[in-house]
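What follows is each chain in one-letter form.
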Amino acid sequence: MAYVTPAEFAAKMVDAGESKMFMSTKDTLIRAFMAGAILALAAAFAVTIAVNTGNFLVASLLFPVGFCMLYLLGFDLLTGVFTLCPLAVIAKRPGCTWPAVFRNWGLVFCGNFAGAMTTAVMMAVIFTMGFSQEPNAVGQRIGVIGEARTVGYAAAGGAGLLTVFVRAVMCNWMVSTGVVAAMMSSSVSGKIMAMWMPILVFFYLGFEHSIVNMFLFPSGIMLGGEFTWFDYLAYNEIPVILGNLVGGLTFVGGMIYMTHFKESPKRKVAGVNDDAVTPAE
């Protein structure tokens, strides 16, 4: 698999964050648009599998194909840049500033949303025969998903908002682990295997991913789901974005940076470390 050591891929993480901040507006938007569109298509693929087979585990096993495609094509998700870009600022790379981080995050958000919405409209056309019929079984299922994960959280009040936030934190813990895992190998097959595992975990456990939701919830509204744009933004997208930010930056970026990029000196133990052993008289 051409394994890359933790210290090496930690340096790659900082390099990647630096590179993304200096990317042109055009390239940032195009890459983010395509990432949102491909991940949305993978979500539609997974829901279709779940409906047609009645087996959500099979859907979860196959969903990571979309993540692998967009990563290997060099496209960017908001969840990934949440984790990588701040590391370049923390590492004090020349020209890397917090305004540059926020610029990247804003552009990637816009691109991801536009890409996911494009796929949502095209899939809604397919699910409804060009909006001339009632949604098919897959379209109906997407509408129900949107209801449960917006008004369902709202009905629980503060406990619902806490739950969606924690699910979002856990989500980007896994998704950003997938981003980092792809740096652990220099071969395509190794990258795919490493990415597949954490993405499978996040999807099967039903964690909240802001870009997947940019497809599922607007689709649900178009397909007759009984919730509104306010419900989607207030009770899902906004708290999910915040949770994704916290999960990726703390559990993945911050932890790897502190222990592998900025590794502390080894502990000195008398009788063990060479420099601590007293020469024999």
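Reading guide: rules and limits
- Residues numbered from 1 in each chain as written.
- Predicted model: local features only at pLDDT ≥ 70, side-chain atom pairs only at ≥ 80, totals over all residues.
- Heavy atoms only, no water.
- Helix = DSSP H or I, 4+ residues; strand = E, 2+ residues; numbered from the N terminus.
- Buried < 20%, exposed > 50% of the residue type's maximum accessible area, 1.4 Å probe, protein only.
- Contact = heavy atoms within 4.5 Å.
- Phe/Tyr/Trp six-rings, centres within 6.5 Å; stacked < 30°, edge-to-face > 60°.
- Polar contact = N/O pair within 3.5 Å; in protein donor to acceptor, adjacent residues only side chain to side chain.
- Salt bridge = Lys/Arg side-chain N within 4 Å of Asp/Glu carboxyl O.

Colleague: For the environment of Ala-43, give the residues involved together with the corresponding values.
Modeller: In this structure, Ala-43 sits in helix α2 (residues 25-53). Ala-43 gets classed as buried once you look at its relative accessible area, which sits at 1%. Taking C-alpha positions, Ala-43 is 6.6 Å from Val-212, a pair spaced 169 residues apart along the chain. The contact partners of Ala-43, leaving out residues within four places of it in the chain, are Phe-63, Val-212 and Phe-215.

Colleague: Please set out the packing of aromatic side chains residue by residue, giving values where relevant.
Modeller: According to the stated counting rule, one finds 15 aromatic pairs in the structure shown. Relative to Phe-251, the ring of Trp-173 has its centre 4.5 Å away and its plane inclined at 15°; by these criteria the two rings are stacked. In this pair, Trp-173 is assigned in helix α9 (residues 158-181) and Phe-251 in helix α12 (residues 229-261), connecting sequence segments 78 residues apart. Under the relative-accessibility criterion, Trp-173 is labelled partly exposed at 31%.

Colleague: Which residues make up the side chain of Thr-150, and what values go with them?
Modeller: Take Thr-150: it is sitting in the loop between α7 (137-148) and α8 (151-155). The exposure class assigned to Thr-150 is buried, which follows from its relative accessible area of 0%. Polar contacts involving the side chain of Thr-150 include one to the main-chain carbonyl oxygen of Gly-146, which spans 2.7 Å. When sequence neighbours within four positions are dropped, the list of residues in contact with Thr-150 reads Phe-217, Phe-227, Asp-231, Tyr-232, Tyr-235 and Asn-236.

Colleague: Any chance you could break down the pattern of salt bridges for me, citing the residues and the numbers?
Modeller: Scanning the entire structure with this criterion turns up six salt bridges. The shortest N-O distance in the salt bridge between Glu-208 and Arg-149 comes to 2.9 Å. On the criterion of sequence distance, the pair formed by Glu-208 in the loop between α10 (188-204) and α11 (210-222) and Arg-149 in the loop between α7 and α8 is long-range, its members being 59 residues apart. Measuring nitrogen to oxygen at the nearest pair gives 3.0 Å for the salt bridge that ties Lys-266 to Glu-263. Lys-266 sits in the exposed class, given a relative accessible area of 64%. The network of salt bridges with shared partners includes Asp-15, Glu-18 and Arg-93.

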